[in-house]
Amino acid sequence: MFTAPALPAPNALADPGFLASVAGEGWIDALAENFPHTRYLRDRSDCWSLKSLNALAARIIDARYDGNAIEDAMEAEFPPAEPYQTWYHEVAPQLRSCLREADIDDEAIDEIRHAWEDRAAERDDSSVADLFASCDRCELLFRFSAERWLDDALVFSHRPWPETSELAITANVQFALNNLGYTIGEFRKASGNRHPADRALPRHTRRRRAPIISHEQLAEIIDNACSTSFLFCLYAIVPIPDLIALDLSRPVTFEKCWVATMDPINGTFFDVPTNGPVTVKPEDGHFLSGGHLRWSPENICGLHTPYYHASVRNG
């Protein structure tokens, strides 16, 4: 390892046909064995920032929804080590005397390098996922909305401040409340909200699960939304390996999470803990990360991030 393999003949590299010969291929194999190239090192000591991991999470989520390869999306955010770095820093210095003795031109040297790169690449089984462990986490959100775009998913207050009794009764509100475990009728009764719906709401809608927060908590996150327009979402800070493993076309369970009101346009966020694990289905809304937002929740509030650590899984 890290020593140049012996040549079958003293000046073998000067022979134009050497690399294509059986002896030449064996020598290249030995060179790749002695000088492996690893695209992604497993034994790292890097510490990624939450911002960089949020950006990675956004790429992973987008790739899942678009049906693209996760590996390609992750490599776009964390590019691999290039073979030329290993060649020039490790391989070439060890071969310097052999190359000098052979007195070969740059084109022949490039042929040796390309042959080594091909063999080294075949031996490299590293993956971009190898960079991340359970301690590497990102902000994961799930917004309760059937709308594609964030600004179309917002709910509004009739007043210049957020207030439960003044919340506009819209299809977005109905959809979010059903996912939180409440019907419009139950919300009106608890909040005293008497505003008519802005338009005819979908009929025969039902709450999608038992309530995951209390009426008091629901009023708390609305009244403290700090904005007259916001959306309802789940929030947790989860390991990158958990996110990589998720199939977003299947139900996903947050083992622990928080319900929040968030204004993704002006940057406000307020949360309360749920009363237990929450499972969401694809039709319940959309996943996003802090990397999708101009201001992530942690960026808005300066959160104590360990408090929000949780895990997610399919099922």
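Placed above this text is the structure.
Residues numbered from 1 in each chain as written. Predicted model: local features only at pLDDT ≥ 70, side-chain atom pairs only at ≥ 80, totals over all residues. Heavy atoms only, no water.

*Asks:* Got a sec to walk through the side chain of Ser 296? Specific residues and values, please.
*Replies:* Topologically, Ser 296 is positioned in the loop between β8 (286-289) and α10 (297-301). The class for Ser 296 is buried, based on a relative accessible area of 8%. Here Ser 296 is in contact with Asn 54, Glu 139 and Gly 290, once residues within four sequence places are set aside. (Helix = DSSP H or I, 4+ residues; strand = E, 2+ residues; numbered from the N terminus. Buried < 20%, exposed > 50% of the residue type's maximum accessible area, 1.4 Å probe, protein only. Contact = heavy atoms within 4.5 Å.)

*Asks:* I'd love a proper account of the packing of helix α2 (residues 50-66) against helix α3 (residues 70-77), names of residues and values included.
*Replies:* The description of two packed helices rests on the angle between their axes and on the distance between the axes. Their axes nearest at 9 Å, the elements α2 and α3 cross at an angle of 155°. Taken as axis vectors, α2 and α3 run roughly antiparallel relative to one another. The interaxial crossing formed by α2 with α3 has right-handed handedness. Contact residues: Ala 55, Leu 56, Arg 59, Ile 60, Ala 63 and Arg 64 in α2; Ile 70, Ala 73, Met 74, Ala 76 and Glu 77 in α3. (Axes fitted to C-alpha atoms, helices over the stretch in contact; angles between N-to-C directions. Parallel < 35°, antiparallel > 145°, perpendicular 65-115°, else oblique. Left-handed = near helix turned anticlockwise from the far one by under 90°.)

*Asks:* Provide a residue-level description of helix α4 (residues 83-102), including the pertinent values.
*Replies:* With 20 residues, α4 extends only 23 Å from end C-alpha to end C-alpha; this falls clearly short of the ideal 28 Å at 1.5 Å per step. At Ala 92, α4 shows its maximal kink, close to 55°; a proline, Pro 93, follows between one and four residues later. The complete set of buried residues in α4 reads Thr 86, Trp 87, Val 91, Ala 92, Leu 95, Cys 98, Leu 99 and Ala 102. Buried residues in α4 make contact with α1 (22-34) and α5 (106-123). Looking at the residues trailing α4, positive phi occurs at Asp 103, about 55°. (Expected span 1.5 Å × (residues − 1). Bend = angle between axes of the 7 residues up to and from the residue.)

*Asks:* Provide a residue-level description of the nonpolar core, including the pertinent values.
*Replies:* Proteins that are soluble and globular tend to have nonpolar side chains buried together. Residues Phe 132, Leu 218, Phe 232, Leu 234, Phe 254, Val 280 and Phe 287 are the most contacted members of the largest nonpolar core, which totals 55 residues. In terms of nonpolar packing, the next biggest core, distinct from the first, is built from 20 residues, Phe 18, Ile 28, Ala 92 and Ala 115 among them. (Core = buried A, V, L, I, M, F, W, Y, C linked by side-chain atoms within 4.5 Å.)

*Asks:* Provide a residue-level description of the sheet that holds strand β7 (residues 278-280), including the pertinent values.
*Replies:* Pairing within the open sheet is antiparallel, and its three strands lie in the order β7-β4-β9. Edge positions in the open sheet fall to β7 and β9 (312-314), since each of these has one partner strand only. Ignoring strand direction, the axes of neighbouring strands in this sheet form an average angle of 25°. (Pairing = 2+ DSSP bridges.)

*Asks:* Just give me the short version of α1, but keep the residues and values in it.
*Replies:* An ideal rise of 1.5 Å per residue puts 18 Å on 13 residues; α1 measures up with 18 Å between its terminal C-alpha atoms. Against α4 and α5 lie the buried residues of α1.

*Asks:* Run through the pattern of salt bridges, naming residues and quoting values.
*Replies:* Taken as a whole, this structure holds 12 salt bridges when the rule is applied. Among the ionic pairs, Arg 39 bridges to Glu 75, the shortest N-O distance being 2.5 Å. Here Arg 39 is found in the loop between α1 and α2, whereas its partner Glu 75 is found in helix α3, with 36 residues between them in sequence. Its salt-bridge partner being Arg 207, residue Glu 186 comes within 3.6 Å of it at the nearest N-O pair. Taken as a pair, Glu 186 in helix α7 (residues 184-191) and Arg 207 in the loop between α7 and α8 (215-223) lie far apart in primary sequence, 21 residues in all. A relative accessible area of 30% means that Glu 186 is categorised as partly exposed. Salt bridges sharing partners connect three or more residues here, namely Asp 110, Arg 113 and Glu 117. (Salt bridge = Lys/Arg side-chain N within 4 Å of Asp/Glu carboxyl O.)

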